[in-house]
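Chains, contacts and geometry: an overview
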Amino acid sequence: MEFKENENTGTMPVLEKHAIDSSALQKYMQENVSGFEGEISIEEFKGGQSNPTYKVVSPSKSYVLRRKPPGKLLKSAHAVDREYRVITALNKTDVPVPTSYALCEDESIIGTAFYLMEYMDGRVLWDASMAGHSKEESLGVYSSMNNTMAALHSVDPYEIGLETFGKPGNYVGRQVSIWTKQYLDSETEEITEMNKLIEWLPENLPSDKPLRIVHGDFSLTNLMIHKEKPEVIAILDWELSTLGDPCADFSYHCMQYRLNPSLANESYCVEQGIPTEKEYVSMYIEKSGFDLEKEWELYMAYNLFKSAGILQGILGRVRDGTAANKNAEEMRARVRPLAEAAWKLIEQNF
């Protein structure tokens, strides 16, 4: 997905459909956020988050508010309470996350459930190819990103009160089953390789790994980088987080090496100071202690399959008229190559 930096960076006036009663919010903060005082002003962050996100500015401090979007929602979607729970638990660790302040599930305050957390003043980098950055900066950012993921995956969820945050065991197996169902429900054309994957994957799952917190969408665009240093200061957007297989989480993050033409080009990586895929995986293995080498291409095939399932699900909603998407044709053109690439990895490696 290509991002234009200025379209997704910074704040804008609050959209009318996302308007907040600032006096009700201010009263809530006075009663529930320790150290809060003064009049507030509210801006909305740009960028395509599904949970509207705001900057709440008081005379002494800025806060971030994330809320469920207004309107009728699927019961499990936009679970801001889960985001708040995982960030709050991780506040007890050295994993970089904002400090959480309050969760409000009373919809009468601003119309939907919301939570408040620390405003982290840093940079969001939208281009994983690090074009325009120095070699030192590129290497620093990638090393910090890798360290951060290994730190997250070293946390035992049972030790920080997250034992009920997801189901234990068979994470990849359950994911394969979820995306198979989504794919079949949304199928718009027969893809032979997809049918082969649906048959093969459940019988050939990766070995079970220790239960860890899975971010679900770990990428450069979901990280806050220090303003002056190539250092991750916060992991953002925990909407898809659960408990599961850390290696599935890490390998999904590494899909950028297969899908981004710049990162797929090893000589580009070397020139730009970015670790190659092999180097990046080795860095993670060394820090996390998970032995990934034998199963790496299996994880990659699974992630390509999952990506095809996600795209096909969107196409199904376009077909059924429940989603408008100007990129539907472009997505349709991507499903088959993803399935073919996944099956090719299986044939070459297993």
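Residues numbered from 1 in each chain as written. Predicted model: local features only at pLDDT ≥ 70, side-chain atom pairs only at ≥ 80, totals over all residues. Heavy atoms only, no water.

1. A short note on the pattern of salt bridges
By the definition in use, this model includes 14 salt bridges. Across the pair Arg66 and Glu83 runs a salt bridge whose closest N-O atoms are separated by 2.8 Å. Here Arg66, found in strand S4 (residues 62-67), pairs with Glu83, found in helix H3 (residues 80-90); they are 17 residues apart in sequence, far enough to count as distant. Of the two residues, Arg66 and Glu83, neither departs from the other in class, the shared state being buried. With a shortest N-O distance of 3.0 Å, Arg66 and Asp237 are connected by a salt bridge. Of the two residues, Arg66 sits in strand S4 while Asp237 sits in the loop between strand S9 (232-235) and strand S10 (242-244), which places them 171 residues apart along the sequence. By relative accessible area, which is 4% here, Arg66 ends up buried. According to the relative accessible area criterion, Asp237 is partly exposed, its value standing at 21%. One connected set of salt bridges, linked through shared partners, spans Arg66, Glu83, Asp237 and Glu239. (Salt bridge = Lys/Arg side-chain N within 4 Å of Asp/Glu carboxyl O. Helix = DSSP H or I, 4+ residues; strand = E, 2+ residues; numbered from the N terminus. Buried < 20%, exposed > 50% of the residue type's maximum accessible area, 1.4 Å probe, protein only.)

2. Here's the deal with the packing of helix H6 (residues 192-200) against helix H12 (residues 296-319)
Where H6 meets H12, the closest approach of the two axes is 11 Å, and the angle between their N-to-C directions is 125 degrees. Of the possible angle classes, the one that applies to H6 and H12 is oblique. Our pair here, H6 against H12, has a crossing hand that is left-handed. Residues Met194, Leu197, Ile198 and Trp200 of H6 pack against Leu298, Phe305, Ala308 and Gly309 of H12. Along the lines of polarity and charge, the residues of the contact of H6 with H12 split into seven nonpolar, one polar and no charged. (Axes fitted to C-alpha atoms, helices over the stretch in contact; angles between N-to-C directions. Parallel < 35°, antiparallel > 145°, perpendicular 65-115°, else oblique. Left-handed = near helix turned anticlockwise from the far one by under 90°. Contact = heavy atoms within 4.5 Å. Nonpolar A, V, L, I, M, F, W, Y, C, P; charged D, E, K, R; others polar.)

3. Topic: the environment of Ile274
Looking at the secondary structure, you find Ile274 in the loop between helix H10 (266-272) and helix H11 (277-288). C-alpha separation for the pair Ile274 and Pro246, spaced 28 residues apart in sequence, amounts to 22 Å. Leaving out residues up to four positions away in the same chain, Ile274 has contacts with Ala128, Ser129, Met130, Ser138, Tyr142, Tyr257, Leu263, Tyr268 and Cys269.

4. As for the pairing of strand S2 (residues 41-45)
Note that strand S1 (residues 11-12) and S2 share two bridges and pair antiparallel. Among the inter-strand pairings, Met12 is bridged to a residue of S2, identified as Glu44. Two strands pair when backbone bridges link them, and S2 and strand S3 (residues 53-57) are joined in this way by four bridges, in the antiparallel orientation. Each bridged residue has a counterpart across the sheet, and for Ile42 the counterpart in S3 is Val56. (Pairing = 2+ DSSP bridges.)

5. With respect to unusual backbone geometry
Positive phi, close to 55 degrees, is recorded for Met130, a residue that is not glycine. Relative to the helices and strands, Met130 resides in the loop between strand S6 (114-118) and helix H4 (135-152). Here the phi dihedral of Asp237 falls at roughly 55 degrees; this positive angle occurs in a residue that is not glycine.

6. Points about the side chain of Ser100
Mapped onto the secondary structure, Ser100 falls in strand S5 (residues 100-104). Within polar-contact distance, the side chain of Ser100 engages the side chain of Thr88 at 2.7 Å. When neighbours within four sequence positions are excluded, Ser100 is seen to be in contact with Tyr84, Ile87, Thr88, Asn91, Leu116 and Met117. (Polar contact = N/O pair within 3.5 Å; in protein donor to acceptor, adjacent residues only side chain to side chain.)

7. Topic: the nonpolar core
Grouped together as the largest cluster of nonpolar side chains are 84 residues, with contacts concentrated most on Leu90, Tyr142, Leu197, Ile213, Trp238 and Phe250. For this core, the element with the highest residue contribution is H12, accounting for 11 residues. In this view, Tyr142 contacts Ala128, Met130, Gln256, Tyr257, Leu263, Ile274, Pro275, Tyr280 and Met283; residues no more than four positions away in its chain are not counted. In terms of nonpolar packing, the next biggest core, distinct from the first, is built from 17 residues, Val56, Leu65, Cys104 and Phe114 among them. (Core = buried A, V, L, I, M, F, W, Y, C linked by side-chain atoms within 4.5 Å.)

8. Quick look at the confidence of the model for the protein
Here the protein averages 92 in pLDDT, and 95% of its residues register 70 or above. Counting interchain partners and residues more than four positions distant, the pLDDT-below-50 stretch residues 1-5 has five contacts. (pLDDT = per-residue confidence, 0-100.)

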